[in-house]
Amino acid sequence: MKAIKQLLTVLAVLVTLGLTAQVPQYINYQAVVRNSAGTPVAGGTAVKFRFTILDGSSTGTPVYTEVSNSLTSNPSGLVNTAIGINSTLSSVTWGTGTKWLKVEVDVNNTGSYTDMGTQQLVSVPFALYAANSPAGATGNTGPAGAVGPTGPTGAGTAGAAGPTGPTGPAGSNGLNGSTGAVGSTGATGATGATGAGATGPTGPTGASGSAGGATGPTGPTGPTGASGTGGGATGPTGPTGTAGVAGPTGPAGTNGSNGLNGTNGTNGNTGPTGPTGSAGTVGAAGPTGPTGAGITGPTGPTGTGGVSGTQYYVSKFATATTLGNSQIWDNGTSIAIGTTSPLATNKVTLNNAMTTGGNALLVSATGTASTTAIYTGVSSFITATGGANIAVRGVSNGVATTSPENVGGYFAASGASTTASPTAYGLNLAVIADASSYGSTYTYNEGISASTDSTRGASRAVEAFASSKFAGFNQGVYGVADGALSSTSSLNEGVHGLAHLGAGYNVGVYGEVDTSIGTTGFGIIGDAGNCPNCATANWAGEFFGDVDVQGALSKSSGTFKIDHPQDPANKYLYHSFVESPDMMNIYNGNITTDANGEAIVDLPGYFEAENIDFRYQLTVIGAFAQAIVSKEIANNQFVVKTDKPNVKVSWMVTGVRNDAWAQNHRVVAEVQKAAKDAGKYLHPELYGMSNEYRINYIPRTEMMKNRAPRKPVASTPAK
């Protein structure tokens, strides 16, 4: 509860009116205070009300104002007070015109009140007028009995019933209070003498509260006039006898017990592990032991010239005349550089211990054309027991926790221009991957197969980056699957993405675009292209499973497609979507009116929160009858009325979406094309135009330039 403006609901019930001259006149008031999420405020919250009674209309002249005492809500957000405790209602002229009650609320006693609305007072408050009428003679007061049910009606002569007042507006839903225990029946007081006071006018009948509302105490029953005879006009009302003085009101029943507490919410996810604390300081080194006292022996005579070195090391000239160990180690089976413990399976092992920067192996080749710096090849014709043949394999293992990046292989191709604005450009390829098989029993070929494994942080099996200073095409990854060599190729996949068994999100292919400079961005474009041999359809995209679109979906048409219910093995069934310039929701059903020709249609509980601008359609079924909507939608209901009883009615209601997304993304039916798309079409072929006039068209000759299926750059090692 951060601000009063967050208060959404004050559900109020006017409960009791004190009428007798011996007790203060008041109107009981009960309310549930809720926050913006619809949840009752916490128990113990301070609440004040400001009540204003207006004369004649909801904007009429104030005739009474009162500020309640500071109240405290119970655990259900319920507060109770009474109007008339801090002032007197006797000054209100209840008998002249309508009266309206305006309610304002102040939460946490901030001094700022929020207007919760104005409502017409009906029935019970107008009984205050009766208190100003002349009183009859007072009978003897009977002894006060214990609180119990209302005693039997007195036996006065019944007068004719007065006309029934118009039905007031529907009252708000009352709170479901628990039923207090029933007290024992008190003794009936003696009937007082009949008074001669005139009967006050009958107030309008209040609307019936909904089921479960708290019921106010029953007022004393006036004597019934004598019934008129025959079917003629109602005779005048006979004089009313003086009513006996009502016994004092018994004490209020105890409050019902609080409802059960809601179940505890599920525990939140465990937060990330905090960083590892810094290592403790290294202990001080122990003292150095004393130097030994051995005596140096005499120097031996100078030997004859010769070579010295370590077994298996390849020698080098340490000086102009002296040989020593080089970094190359050769035991006759393996050759190693930087280590003397190569794996037995390696013919050559290169190990270079570096702290920062540096290359374990740097190869540079300069040539005018067709020059290869390193050429690798692996051949194997073993079919039964042979494993994988790998021409190049790169492994990078950064065990330090601060290692920023581990790259198994890095390739870059740069074709620098000698001019600032080149008029022609070639093709720079960082990696060409070609997998070809001409056998009759192969299963599949993979140009690049990459996998990654990480216990923490992010892992990328392959990262491709394309950047161009000048205008043209930049393609991070370009995949081609060419089945031209075989007319029976069953599946060609240019790019296949698989995300498998991840603990969180698994995304096979993720497309992202940054339009901070450009004017149009597409995360993924699927182009069906030209398929003259396609028998039924050529799809730009196909999805097996649910598709979630977080945003607007634009399409030329839409259908559902299912297996035909009557011939699912051989046919499909298509139905078109319902289209509308509005963001329309449709609700429908059937209902049968009752003996009075009325029926209440219940709509979903979220209907009025989700929809505005309601439209109705009614169709009667099985009989000639007329049907109307007698009461429009309120509280997620509307009322159908027919001129005959028990008529079946088919109804349909439409509404326009009014949720937060719809409010900010209304459909604009007619939109001018952008300047770059002017003169172009979504479907140029329908207007006799060629494909070049299609919006977002990319010339295939440009896209496929230098993109013919490739064979290895060199078929034999360079000489």
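Counting restarts for each chain: residues are numbered from 1 in the order of the written sequence. Under the rules for a predicted model, residues below a pLDDT of 70 receive no local features and side-chain atom pairs below 80 are neither given nor counted, while totals for whole chains, interfaces and linings still include all residues. Think of the side-chain values as coming from all heavy atoms in the structure, minus any hydrogens and water.

Student: I'd like a description of the overall build of the protein, backed by residues and values.
Tutor: Assigned secondary structure in the protein consists of 3 helices and 20 strands. Buried positions account for 15% of the 719 residues belonging to the protein. Any two residues whose heavy atoms approach within 4.5 Å are treated as being in contact. Taking the intrachain contacts of the protein between residues at least 6 apart in sequence as the baseline, contacts between residues at least 24 apart amount to 54%. Calculation of accessible area relied on Shrake-Rupley with a 1.4 Å probe; when residues are assessed, cover is drawn exclusively from the protein chains displayed. Working note: accessible area of the protein is about 54200 Å², and carbon and sulfur atoms make up 52% of it. Helical segments are the DSSP runs of H or I of at least four residues, strand segments are the runs of E of at least two, and each set is numbered from the N terminus. Residue exposure (1.4 Å probe, protein chains only): buried if accessible area is under 20% of the type maximum, exposed if over 50%, otherwise partly exposed.

Student: Before we move on, could you go through the pattern of salt bridges and cite the residues and values that matter?
Tutor: Take a side-chain nitrogen of Lys or Arg and a carboxyl oxygen of Asp or Glu: if they are within 4 Å of each other, that pair is a salt bridge. Taken as a whole, this structure holds 9 salt bridges when the rule is applied. Note that Lys555 is salt-bridged to Glu579, the shortest N-O span being 2.9 Å. With Lys555 in the loop between strand E12 (348–350) and strand E13 (559–563) and Glu579 in the loop between strand E14 (572–576) and strand E15 (584–592), the pair connects residues that are 24 residues apart, well separated along the chain. Overall, the relative accessible area of 36% leaves Lys555 in the partly exposed class. Here Arg657 ties to Asp659 by a salt bridge, and the two come within 2.9 Å at their closest N and O atoms. Judged by its relative accessible area of 24%, Arg657 is partly exposed. One network of salt bridges, in which partners are shared, links Glu610, Arg657 and Asp659.

Student: Go over the sheet that holds strand E19 (residues 637–642), please, and point to the residues and values.
Tutor: Strand pairing is assigned whenever DSSP identifies at least 2 bridges connecting the two strands. Spatial ordering of the open sheet is given by E16-E19-E18, a layout of 3 strands whose pairing is antiparallel. Among the strands making up the open sheet, the edge pair consists of strand E16 (598–602) and strand E18 (627–634). Between one strand axis and the next, the sheet turns through 20° on average, direction left out of account. As paired elements, E18 and E19 share 5 bridges and run antiparallel to each other. Bridging across to E19, Ala634 finds its partner in Gln637. Helix axes use the C-alpha atoms of the stretch in contact, all axes being lines fitted to C-alpha atoms, and the angles between their N-to-C directions lie in the range 0 to 180 degrees.

Student: Describe the nonpolar core, naming the residues involved and giving the relevant values.
Tutor: Ranked by size, the top nonpolar core spans 21 residues in total, and within it Tyr29, Phe49, Phe51, Val79, Ile83 and Leu101 carry the most contacts. Val601, Phe607, Val647 and Val653 belong to the second-largest nonpolar core, a separate cluster that totals 14 residues. Grouping buried Ala, Val, Leu, Ile, Met, Phe, Trp, Tyr and Cys residues that are joined through side-chain atoms within 4.5 Å yields what is termed a nonpolar core.

Student: Kindly report on the packing of aromatic side chains, identifying the contributing residues and their values.
Tutor: For Phe, Tyr and Trp, rings pair up if their centres lie within 6.5 Å, where Trp contributes its six-membered ring, and each pair is then called stacked (planes under 30 degrees apart), edge-to-face (over 60) or tilted (otherwise). On inspection of all chains with the given rule, the structure shows 9 aromatic pairs. When the ring of Tyr616 is compared with that of Phe638, the centres are 5.6 Å apart and the planes differ by 70°; the resulting orientation is edge-to-face. You can see Tyr616 sitting in strand E17 (residues 611–621) and its partner Phe638 sitting in strand E19, a full 22 residues away along the chain. Among the residues examined, Tyr616 registers a relative accessible area of 23% and is labelled partly exposed. Taken together, the aromatic side chains of Tyr29, Phe49 and Phe51 make up a single cluster linked through ring pairs. For Lys561, the ring lying beneath its charged end belongs to Tyr572, and the centroid distance is 4.3 Å. Think of it as a cone above the ring: NZ of Lys or CZ of Arg counts as a charge over the ring if it is within 6 Å of the ring centre and within 35 degrees of the ring normal.

Student: Help me get a handle on the environment of Phe607, residues and values and all.
Tutor: Topologically, Phe607 is positioned in helix H1 (residues 607–610). Once the C-alpha coordinates of Phe607 and Arg657 are considered, the two residues, 50 residues apart in sequence, prove to be 9.7 Å apart.

Student: Tell me what's going on with unusual backbone geometry, and back it up with residues and numbers.
Tutor: Although it is not a glycine, Asn635 sits at a positive phi angle of roughly 55°. Tracing the backbone through its elements, the reader meets Asn635 in the loop between E18 and E19. Look at Asn635 and you get exposed, because its relative accessible area is 67%. Notably, Asn646 is not glycine yet its phi reads approximately 55°, a positive angle. Positionally, Asn646 belongs in the loop between E19 and strand E20 (648–657).

Student: Account for the pairing of E20, naming residues and giving values.
Tutor: Regular strands show a simple pattern: their side chains alternate between the two faces of the sheet. With 9 bridges connecting them, E15 and E20 associate as antiparallel partners. When the sheet's bridge partners are listed, Tyr587 is paired in E20 with Val653. Pairing of E17 with E20, which is carried by 9 bridges, proceeds in the antiparallel orientation. Bridge pairing links Arg615 to Thr654 in E20.

Student: Tell me about the sheet that holds E20, residues and numbers included.
Tutor: Strand order in the open sheet formed by 3 strands is E15-E20-E17, and the pairing between neighbours is antiparallel. Two strands close off the open sheet at either side, each with one partner strand: E15 and E17. Neighbour to neighbour, the strand axes of the sheet diverge by 15° on average, direction disregarded.

Student: Which residues make up the side chain of Ser68, and what values do they have?
Tutor: Within the secondary structure, Ser68 sits in the loop between strand E4 (61–67) and strand E5 (71–72). Judged by its relative accessible area of 5%, Ser68 falls in the buried class. Contacts of Ser68, omitting those with residues within four sequence positions, involve Lys48, Phe49, Phe51, Thr81 and Asn86.

Student: Explain the side chain of Thr349 residue by residue, including any values.
Tutor: Inspection of the secondary structure assignment puts Thr349 in strand E12. Accessibility expressed as a relative area gives 14% for Thr349, which makes it buried. Excluding residues that lie within four positions of it along the chain, Thr349 makes contacts with Ile335, Ala336, Ile337, Thr339, Pro342 and Leu343.

Student: Can you tell me about the environment of His496, naming the residues and giving the values?
Tutor: Mapped onto the elements of the fold, His496 is located in the loop between E12 and E13. On the basis of relative accessibility, which here comes to 54%, the residue His496 falls in the exposed class. Taking the C-alpha atoms as reference points, His496 and Gly508, 12 residues apart in sequence, are found 8.0 Å from one another.

Student: Summarise the confidence of the model for the protein; cite the residues concerned and give the values.
Tutor: Note on scores: pLDDT gives the predictor's confidence for each residue, bounded by 0 and 100. A residue-level look at the protein finds 56% of positions with pLDDT of 70 or above and a mean pLDDT of 72. Under a pLDDT of 50 for its full length, residues 1–22 has, in the predicted model, 74 contacts with residues more than four places off or in other chains. Note on residues 711–719: pLDDT is under 50 here. Beyond four places in sequence and across chains, it has 9 contacts.

Student: Give a description of the pairing of strand E6 (residues 78–83) that names residues and reports values.
Tutor: Burial analysis of E6 places 5 of its 6 residues in the buried class, the great majority of the element. Bridge count for strand E2 (residues 27–33) against E6 is 6 bridges, and the pairing is antiparallel. Bridge pairing in E6 places Gln30 opposite Asn80.

Student: Explain the environment of Thr319 residue by residue, including any values.
Tutor: Summarising the element assignment, Thr319 is placed in the loop between strand E9 (313–317) and strand E10 (323–330). Classification of Thr319 as partly exposed rests on a relative accessible area of 42%. One polar contact links Thr319 to Thr322, side chain to side chain, over a distance of 3.0 Å. Polar contacts here mean pairs of N or O atoms no more than 3.5 Å apart (in protein, one a potential hydrogen donor and the other a potential acceptor; neighbouring residues in sequence count only if both atoms are side-chain atoms).

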